[in-house]
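What the coordinates show
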Amino acid sequence: GALPNLKWVDGHKPLFRFSVQVTSTLYVQDDRIHTFLSTINQAGSPISRHDPRRHTANPGRVSNLDAIAGIQTGPDSALTAAVNKLVSSHKEPLMRFLPLILNKLFQLLIRSTKATVTALVSEKAFDTLASTVQTTQTELKESSDMHGRCDVLRTYISYVFDGVTLSESSLAAGATEGGASPQTNSFGNHRPRSVVLGSSSAEPVESDVDNSRRYKTVHNELVLQWLMADPLVKDKAFINAWFFFEIMIKSMAQHLAYHKKLGLPPEQRFPARFIEDLGKLVGCISDEIVKTHIKDTHYAQSLNASLAFLIRDCFSLIDRGAVFNIIRTYLRKISMAAAADFSLAEMKLDLLRIVCSHEHYVQLNLPLTPQSMMDVVGDNVVAYSHTAFDLPRESLSRPDSISSNGVQDNDDLDSEASMVSLMRTPSLTSISSTSTDAALRLTEENIYSELSNEFRRVHFLTGLLLTELAVVLETQAAKLHRRAINSVRDLIMSHDMDFDEEKRARVALLYMPLLGIITDHYTRLCRDFSTPASASTQTSDKDGADSDSDSLYGDEGTATLKRASLFDIIPTMTKRAHNTLTQENTRSLLLCFLWVLKNISGRQLRRWWMHLEFARKTMVLDVLDLCVHAFEYKGKHASTNSSGAATGNSGDVKSILAKAILAGTGTAREKLMERRKQQQGGSMADQTGGRRWGTTTYQQTVDNIFKTPQDPVLIADLEAHLGVESALVILDILELVVDSSQQLDCIGTILSYVLTVLLHLLSANQSSNALSHIFASQRSLVSKYPDYLFEQETEQSSELCSILLRLCGSSLPTTRSQASASLYMLMRHNYDLGQSFARVKVQSTVALSTLVAGSQGQSCNADCLRKSLKTIMMYAEQDDAMCNSPFPDQVKELVFNLHMILRDTVNLNEYKEDPDMLMDLMVRIAKGYQNSPDLRLTWLQNMAQKHTECSNLVEGGMCMVHASSLVAEYLSMLEDDTFFPAGCASFEKITPNILEESAISDDVLAPDDEGICTGKLFAVKGLVGLIENAAMLFDSGGLWEVACMLHQQLVPIHEQNRDHKKLGKIYDKMSKLQGRIVSESSRRSMGSYFRVSFYGSKFEDLDGMDFIYKERSHMRLAEIALRLETFYQLQYGTDCLEIIKDSKEPDRSKLDPDKAYIQVTFVEPYFDNYELKWRKTFFEKNYNICRFYFDIPFTEGGKAHGDLASQCKRRTILKTANVFPYVKTRIVVIHKESYVLSPAEVALEDMQRKYERLIEVVRQAPPDVKGLQLQLQGSIGTTVNQGPAEVALVFLGDSEQVGQDKTLRKLKHCFRDFVRGCAEGLERNKELISENQREYQRELERNFVEFRRKLEPIFGKKTSQRWIKKNREKTVLQNISRPSNSHVVSHKP
């Protein structure tokens, strides 16, 4: 009741409200969590005191009725309900008490109570555990690391979870409350039949352990519950598989450590049923990856990575044979689907990369110890092959030691587990540096150089990785290439940093099949390393991603990938992919190639080389040659560009590659110490998220480093060191190859390939340190095989001389000294063979000539070359062994000749901007080598190249004709075959200049004995090639007649060889050339000619000389004058050069001596009357011409021009030293003459020229109407001043004088022909014109009648009628005179 005298204010209106909000870390505020924890606490222990097993005779069996009653009425029913409600609890309290909740759930998972009830509680606990982990991962997503793993969960795994404590608490509770009987096998009694594959009556799995069989372990129950869970529960567990896998690994490790099982053999650490269930779980996960990789690629990749780390960590805890079986299960499921899918193939490579990053990767690939190697090698290979490869049992031999263990001949997994036990895996405690040394000591019998079944049986992981690499290289997927290659590269890099030299020699044996893989794919390797590697890599990867989205492999690639992934021998591809690898992938492969060759011991390398097939030997040398190109140092500028092409990618890759091949020490330790310093003040687990994710080899060495910018200078230094190291490795291999191949029949071919690589090393950009070693190897090789070098490999000997001479021009004294010594020793060895070094003499002269001519694009340091030549001469003078022989004198002679070449080189460099003077010097130098056909041929080729660059195709073709004539001249001396061209005389019809080549053979009687004419061009094939090149140039230059003549020279050669196919091609070309001659005859032009005279001391040798210049067609006088004026003004100055405008020869006394004068005159070809009889065509009048003329008009009064009766000309005829076209575009004038033409002769010449032009256009086919009308208008037009009519009246008006003067009589005859031509032209024009030009035609006809009337006083009326009748002008005159001119009508016959 109410208190007495109590009064309520405002009718019980409340004044304030009071509420309490509880905040506690000890008491849960969520009812569901509180109920869950309270229910577990009320139970008191994991074992219920109402356990029906206490009242049954057989505790191992529980009736169905008791099970149902226990579920419905026992205390476990409340526990089950509490577990179910835990999922719907609030998120905040759930996160606060997460460690406690997870511990309780794991405790329920391994709860040892009534069988059926426990199964239900464990199932609900696993479901709730998966849901809780998923909820935590979702709610705390922002606090996840870069891999999406929640920090709270990672902290729980690292610091809270303790599987031993949970199991021990379960065991203690079971002992107190009367738990499970010792005879109860928790792994077999309550397992569903779908999971249990073996017999339930098997012996207790852990009978040899006294205490560990009475309780469950977390890792066991996790695997079991995962397999038995519903699909929805499995999916939730798959999403966060990394959490459960890390819990499993930690539980397994704690279990082994607590029960002191680390010292046991690996096959005795865990029960076989657990290993079996783990394999099944991996199979389920593999199926999940295959099923979801398309719709959710990120999820599948994450699940695949988690599985990879699980498998990798299992190597440290479980028997390796069982882990290999697990890998086999994974690959069988993935490979079938990965054959046509890009993402699955990537995931498979990612898994292999992670698995192979195990710290004891090398030991896992070397399963045999030295003591048992010779005795049980066959046994272990048999067991290993069955476990990992599932080979037919009939193909395996079974020793007594295996049969005594009772291995059954069935395919059941239990029997496989028994076989796995035969593989002895070293324990974690036994794997140390001493065991590593022992495991690495292989015998020769166990070394495999090919990727065979035996290799993959003994070296499982390496064989698997190399198999996948070989299969991926057969595809066209650029991304797969990079992943597979980088996986192998990173492994080799880690070996290089982890082992010393002796151990690396053994480890390298694991990768010997890599040599075969790379050589087999030599055609796929990149050849172009001129562009930055990073840019090409990015482009290729992008293209690869686009092209690989649908189908990667095709049908054949798919089949190959399936078979190879199941560990069969890689079949020979019937159709290989044709795309090449990127620069970066190629460099990575080649670095791995060099690393293996570098670290294998010399004995094993020799053994491998001796057993290689010949074709594989040559391929290995080809790969070495490619290595020279791939790792050649390009300079700091190229390295800087490469590093800047991709942000932080290319440079870092190059750094890693360099460190791998350079055998750098301390790098890994320095990085580790740096990371530890950065992580001080925080937990290593917190920073890295566990012991695996932050410390994996593939991630710390590749992914993290790529994010760090690199110093371009450091990159350039690494590239330089990498180039030196690769060169020295290649050099060591070459010396070993030569030493090992001395007794082989193919030693000649091997030496040829070795020389090719050695020459490539010498020609590449090398450091002085590397060059010193290369020079030593080169001199050693020459001293061992001088006869082979000088008698069989003449081309390589020539190339060696060229390279040595180029190095003699080095600015480094050490390089010059080494090159000079090598060149001198080359001369001496050649002299020892035949008391003469003519071959080296010619080859070195050719090499130096080619070098100074600039054909190789190299600059020549003349001063350094002179110093080197003096050094060679000093060697000859100080060589006591050769002082009494003619060898020193021959060396001095050669050095003198080389000095002369260098002197001409200076002149060439001075006139390199003057193409005419440069070509004159080259012609002069080539002429000086008339006694050395090889040199002359080289210079002719250089001249042809220069002409081609300047678009002087005809002159370039002439150089090739001279080269062909030179070769033919010497072939006629060496060969007696009649089908050869008879020396240079066979080419005389093409050009008379070719006789210059005949003088060469006068001083050479036995060219082969003298060591000349040994190049590849001095052969039938070389001659054919030269003639074909010449014909091609003439064809392009418009001289189709010359091209036909050259093709005719080839017909006898091909007829002799019965090469009808080439004969058909030649005749087809000749037919097309003749067609062009006919069709384009009216449009041809073959150049313009100008007389150029030089006056003044500034021109030095050119002072007072006249040249005929050949220029392009239709070039005007003003153009060439401007070009010459511009060029020489740049040399002498604007004020010091003057162009003489007229064509008269200047008075030298009136010229300024301080100035340079140039006179340019247009000239035309000049022919005598006898020449005109056979020079009928346009080609004949413009080819093989050497005389030219120009006219200077004048009058007797002193003026240049006057009337017809007083107009005279002074004609000057010039003759050149050679005929045009020639090997140069200007030829010096050697003869000059002049005479005066009288006015009558001038008129006669003008009328003859007019008549020729008129007849040419009248008879032209196809007709040119416009040109015809212009000629008619100029000939008979009434407005033409001093036209033909005026000429006739002036010179032919006096008939008596005409009869006495021969010139006038010729003029009169010329007029008769001219009138006939005009009449023919009028008739032709009438046929061609249209109706709208009829009036114009009548006008021309009237002009012609008027023209004829003017000539009647000279030729007479009858003569005019005769002309008209003869030229069918009757109708024309009738039509004209009918209307108005009656006097014309009277002329009708």
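Look up: the structure comes first, before these words.
Residue numbering note: each chain is counted from 1, following its sequence as written. For this predicted model, a pLDDT threshold of at least 70 governs which residues receive local features, and a threshold of 80 or more governs which side-chain atom pairs are given and counted, while totals over whole chains, interfaces and linings are taken from all residues. As a rule here, side-chain values cover all heavy atoms of the structure and leave hydrogens and water aside.

1. What about the pattern of salt bridges?
Between Lys or Arg on one side and Asp or Glu on the other, a salt bridge is scored when a side-chain nitrogen of the former is within 4 Å of a carboxyl oxygen of the latter. Across all of its chains, the model carries 57 salt bridges by this definition. Glu 468 is the salt-bridge partner of Lys 348, the closest N and O atoms lying 3.3 Å from each other. One end of the pair, Lys 348, is in helix 15 (residues 342-355); the other, Glu 468, is in helix 22 (residues 460-473), and 120 residues separate them in sequence. Take Lys 348 and Glu 468: they sit in the same class, and that class is buried. Here Asp 520 makes a salt bridge to Arg 616, at a shortest N to O gap of 3.6 Å. Remark: Arg 616 occurs in helix 30 (residues 614-630) and Asp 520 occurs in helix 25 (residues 512-520); sequence separation between them is 96 residues. Only DSSP runs of H or I with at least four residues qualify as helices, and only runs of E with at least two residues qualify as strands; both kinds are numbered from the N terminus onward. Buried, partly exposed and exposed residues are distinguished by accessible area as a fraction of the type maximum, computed with a 1.4 Å probe on protein chains only: under 20%, between the cut-offs, and over 50%, respectively.

2. What about the side chain of Asn 304?
In this structure, Asn 304 sits in helix 13 (residues 297-314). Apart from residues lying up to four places away in sequence, Asn 304 is in contact with Ile 289, Tyr 330, Met 347, Asp 350 and Leu 351. Residue contacts follow a heavy-atom distance rule, with two residues in contact if any of their heavy atoms lie within 4.5 Å.

3. Some words on the nonpolar core
Nonpolar core, defined: a set of buried Ala, Val, Leu, Ile, Met, Phe, Trp, Tyr and Cys residues in which side-chain atoms within 4.5 Å join the residues together. Among the nonpolar cores identified, the biggest contains 289 residues, and Phe 106, Phe 243, Ile 327 and Tyr 511 are the most heavily contacted of them. When residues in this core are grouped by element, the largest group, eleven residues, is from helix 47 (residues 953-974). Beyond its immediate sequence surroundings of up to four residues, Tyr 511 is in contact with Tyr 361, Thr 462, Leu 466, Leu 491, Ile 492, His 495, Trp 595 and Val 596. Core analysis: the next-biggest nonpolar cluster, separate from the first, contains 32 residues, Ala 1240, Leu 1292, Val 1315 and Phe 1344 among them.

4. What about helix 46 (residues 933-949)?
Compared with the 24 Å implied by 1.5 Å per residue over 17 residues, the 24 Å span of helix 46 between its first and last C-alpha is a close match. Most of helix 46 sits inside the fold, with twelve of its 17 residues counted as buried. All buried positions along helix 46 are accounted for by Pro 933, Asp 934, Leu 935, Arg 936, Leu 937, Thr 938, Trp 939, Leu 940, Asn 942, Met 943, Ala 944 and His 947. Ser 951 lies just past helix 46 and shows a positive phi near 65 degrees. Take the residue count of a helix, subtract one, and multiply by 1.5 Å to get its expected span.

5. Quick look at the packing of aromatic side chains
Centre distance within 6.5 Å is the pairing criterion for rings of Phe, Tyr and Trp, where only the six-membered ring of Trp is used; planes under 30 degrees apart are then read as stacked, over 60 as edge-to-face, and the remainder as tilted. Summed over all chains, the structure comprises 33 aromatic pairs. Both rings, one in Phe 1314 and one in Phe 1347, keep their centres 6.2 Å apart while their planes meet at 80 degrees; by these two values the pair is edge-to-face. Of the two residues, Phe 1314 sits in helix 57 (residues 1302-1328) while Phe 1347 sits in helix 58 (residues 1334-1355), which places them 33 residues apart along the sequence. Judged by relative accessible area, which is 4%, Phe 1347 ranks as buried. Among the aromatic residues, those joined into a ring-pair cluster are Phe 106, Phe 126, Tyr 156, Phe 161, Trp 226, Phe 238, Trp 242, Phe 243, Phe 244 and Phe 245. Here, over-ring charges are defined by two tests on the NZ atom of lysine or the CZ atom of arginine: distance to the ring centre within 6 Å, and angle to the ring normal within 35 degrees. Note that Arg 1226 overlies the ring of Phe 1107, its terminal NZ or CZ placed 4.5 Å from the centroid.

6. Here we look at helix 25
When you tally the buried positions in helix 25, you get eight out of nine residues, the bulk of the element. Taken residue by residue, helix 25 has Met 512, Pro 513, Leu 514, Leu 515, Gly 516, Ile 517, Ile 518 and Thr 519 as its buried positions. Buried-residue contacts for helix 25 involve helix 21 (453-458), helix 22, helix 23 (478-498), helix 28 (583-599), helix 29 (602-610) and helix 30.

7. Regarding a nonpolar patch on the surface
A contiguous nonpolar patch, built from Leu 15, Phe 16, Phe 18, Val 20 and Val 22 and spanning about 680 Å² of accessible area, is present on the exposed surface. Here Leu 15 is to be found in the segment before helix 1 (31-43). Of the residues examined, Leu 15 reaches a relative accessible area of 75% and is grouped as exposed. Like charges are joined within 9 Å and nonpolar side chains (Val, Leu, Ile, Met, Phe, Trp, Tyr) within 5 Å, but only among residues with over 30% relative accessible area and no salt bridge; these make up the patches. We get accessible surface area from the Shrake-Rupley algorithm with a probe of 1.4 Å; when it comes to residues, only the shown protein chains can shield them.

8. Here we look at the packing of helix 38 (residues 768-784) against helix 40 (residues 794-808)
Closest axis-to-axis distance for the helix 38/helix 40 pair is 14 Å, and the angle between their directions is 145 degrees. Here helix 38 and helix 40 pass one another in a crossing that is left-handed. The segment helix 38 lies against helix 40, with Phe 775, Gln 778 and Val 782 engaging Leu 800, Leu 804 and Leu 807. Lys, Arg, Asp and Glu make up the charged group, whereas Ala, Val, Leu, Ile, Met, Phe, Trp, Tyr, Cys and Pro make up the nonpolar group; the residues left over, Gly among them, are polar. Counted by class, the contact of helix 38 with helix 40 contains five nonpolar, one polar and no charged residues. Axis lines are fitted through C-alpha atoms, for helices just across the contact stretch, and the angle between N-to-C directions can take any value from 0 to 180 degrees. Each crossing gets its hand from how the near helix is turned against the far one by less than a right angle, where anticlockwise is left-handed and clockwise is right-handed.

Interpretation in functional terms is not warranted from these geometric data alone.
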